[in-house]
Amino acid sequence: MLGYSDKQQAFIEVNKIAYTYPQGTQVILDMTTKFYPQQFTAIVGSNGSGKTTLGKLLAGIFKPTSGQVLIAGKLSTRLKLGEIGQKVGYLFQEPERQIFAPSVREEIGFVLNFRGVSEREIAEKVAKMLNLFHLAELKDEYPFRLSRGEKQRLALAAILVNEPIFLILDEPTTGLDLHRREELSQILQELKLQGLGLVVISHDEDFVNANADRVLEISGGEIIADQQLHPNDRGE
Amino acid sequence: MQTSSSTQTIEENELDPRSKLCIVFALSSVAVFVQKIWLLALILMLGMVLTYLLGENLHLFKRFGRIIWLFVGIAVIQSIFTPEGIPLIAIGKIRLLTVGGLEKGVCFLLRIMAIIVPASIMISTGTREIIQGLVQWKVPYEIAFMVSLAIRFLPLLSEEIKDTFIAIQLRGIELDKIPLGKRLRMYSYLFMPVLSGVILKARELSTAMETRAFRAFPRRTSYRVLKLQNQDYLVMGMSLCFVIVVLTINFYYKGGF
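In this text, all values refer to a predicted model and were calculated from it rather than measured experimentally.

A. A look at the sheet that holds strand β10 (residues 222-228) of chain A. All names here are of chain A. Here six strands make up an open sheet; going across it, the order is β6-β7-β8-β3-β9-β10 and the pairing mixed. The open sheet has two edge strands with one neighbour each: β6 (88-91) and β10. Between one strand axis and the next, the sheet turns by 15° as a mean value, whatever way the strands run. Both strand β7 (residues 166-170) and strand β8 (residues 197-201) contribute to a ladder of five bridges, which runs parallel. Its bridge partner being in β8, I168 is matched across the sheet by V199.

B. Region of interest: the environment of B:R111. All names here are of chain B. Residue position: R111 is located in helix α5 (residues 99-116). Note: C-alpha distance between R111 and Q35 (76 residues apart in sequence) is 9.0 Å. Residues within four places of R111 in sequence aside, it is in contact with A31, V32, F33, V34, Q35 and L40. A distance of 2.9 Å separates a polar side-chain atom of R111 from the backbone oxygen of A31.

C. Molecular detail of the packing of helix α3 (residues 104-114) of chain A against helix α8 (residues 180-211) of chain B. α8(B) packs onto α3(A) with a crossing angle of 155° between their chain directions and a minimal axis gap of 12 Å. Here α8(B) runs roughly antiparallel to α3(A), going by the angle between their axes. By crossing handedness, the relation of α3(A) to α8(B) is classed as left-handed. Residues A:E106, A:F110, A:N113 and A:F114 of α3(A) form the contact with α8(B), whose own contacting residues are B:K182, B:R185, B:M186 and B:Y189. Among the residues making up the contact of α3(A) with α8(B), the classes are represented as four nonpolar, one polar and three charged.

D. Looking closely at helix α6 (residues 178-193) of chain A. Residue and element names in this part refer to chain A. The end-to-end C-alpha distance of α6 is 23 Å, a good match for the 22 Å that 16 residues give at a rise of 1.5 Å each. Of the positions making up α6, those classed as buried are E183, L184, S185, I187, L188, Q189, L191 and K192. Elements that come into contact with the buried residues of α6 comprise β3 (40-44), α4 (119-132), α5 (148-160), β7, β8 and α7 (205-211). For α6, the N-terminal capping position is held by D177, with its side-chain oxygen 3.2 Å away from the main-chain nitrogen of H179. Positioned one or two residues after α6, G195 has a phi angle of 110°, which is positive.

Definitions and cut-offs
- Throughout this document, residue positions are counted from 1 along each chain, in the order its sequence is written.
- Throughout, the order in which chains and ligands are written sets their labels, letters from A for the former and numbers from 1 for the latter.
- In view of the model being predicted, local features appear only for residues whose pLDDT reaches at least 70, and side-chain atom pairs are presented and counted only at 80 or more, with totals across whole chains, interfaces and linings using the full set of residues.
- Only heavy atoms go into the side-chain values, all of them from the structure, while hydrogens and water stay out.
- Any two strands are treated as partners once DSSP identifies two or more bridges connecting them.
- Numbered from the N terminus, helices here are DSSP runs of H or I no shorter than four residues, and strands are runs of E no shorter than two.
- All axes here are fitted lines through C-alpha atoms, helices being fitted over the stretch that makes contact, and every angle between N-to-C directions spans 0 to 180 degrees.
- Any two residues whose heavy atoms approach within 4.5 Å are treated as being in contact.
- Any pair of nitrogen or oxygen atoms within 3.5 Å is treated as a polar contact; in protein, a donor-acceptor pairing is required on top of that, and neighbouring residues in sequence qualify only through side-chain atoms on both sides.
- Orientation labels follow simple angle bins: below 35 degrees gives roughly parallel, above 145 gives roughly antiparallel, 65 to 115 gives roughly perpendicular, and whatever is left gives oblique.
- Each crossing is labelled by how the near helix is turned from the far one, with a counterclockwise turn of less than a right angle marking it left-handed and a clockwise turn marking it right-handed.
- Nonpolar residues are Ala, Val, Leu, Ile, Met, Phe, Trp, Tyr, Cys and Pro. Charged residues are Asp, Glu, Lys and Arg, and all others, Gly as well, are polar.
- How far a helix is expected to stretch is found by multiplying one less than its residue total by 1.5 Å.
- Burial classification: accessible surface area is computed with a 1.4 Å probe over protein chains only, and a residue below 20% of its type maximum counts as buried, one above 50% as exposed, and the rest as partly exposed.

What follows is the structure, encoded as structure tokens:
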């Protein structure tokens, strides 16, 4: 398994899955693969190849029409989204859809508030995320007034404050300038070193080449290439 | 400019969108006024038959299975607050279910279904045709265009609400495990992204329309022009007769139910 032997426990396992949308369009055909902790997997492919659908299947948002998706050893069909969300963070392609609160600060603390975390702890964690994603100056801003890149960073901060152990990011570099992209790379690499598994769906070839350990190329709902990138391939 | 060569009519044997609108208006508006259960049931059945005959799917009807508990709840509430008729279930002096409450519950469900089911007649009609139909009925283009936008954006809105709901749960919130008060507060968060999305889209759309010279000239011409056929006049006439007959029966027939 491309450098990740079966000795290492996969976090997400995909066994012969297929997915057909209710309207009848079959997007994923017979896919089998595994995703490991501390591995940065990039999913690439042309528009309509099934990347986002696969991402949603991995996050348990969609349930496979046939086959199985196992998240931390449990069938995604038997897990509630709330249970999955405690382990897996998912960044939507459009960040607006995952921003709910009336201020940046409240948005980051949203989930902690609902979980009954103390006010002091919330304030500490929120401040840490505000600094990490350079949002401190915007902390009282109305989130929908932010630029696309700022919204993207806010959505990521709000996911990471939840301390997930696996991240699925759909086009995370959209709207980010070169500098912010590099910062995002650093954050993701740090998270990987801390043991997080990452799946990044992206069209951004430079970002993928600079960060990915493994590149999964899909076309027409099938995996057409599964390539392990070594540090040397990335010029490290 | 409208020229005879540019005039197109919709396919033969297919009803003009204005005829379909007449059917929908007739069925939905009488359903609002009618009080008798049997008459409401008749209107609903007619709506379903017409929806089926016009080649539409009755999937909307199937969705009502999901709100059956709403109907039961309304029957109970009606029974408690307007306790009319023979009590069917009672705890001491409190009437939990009465014949009157049950009748009102059934009436409510039939009315809602009779209003919504005929609307599915319009599903397969293109928004462009609906606008054209309204414009040829002398409805100002701006209003007709707004109606078409509403029709076009409704499915997108429902998709956005679903995504937001998924995103909230994917933050690790198990809805069935949080107290009701917090759960209700959480639902209020659903509207924030939807409302802001609508405002942002409206702003972008209005800019796009301005750049394409929307309302730059006082009069619009249309490539596509609808033409009423004999069958359309017949349908419109029958719709009008239906409204008159049903309302007459409702207000002057003094029989039961």
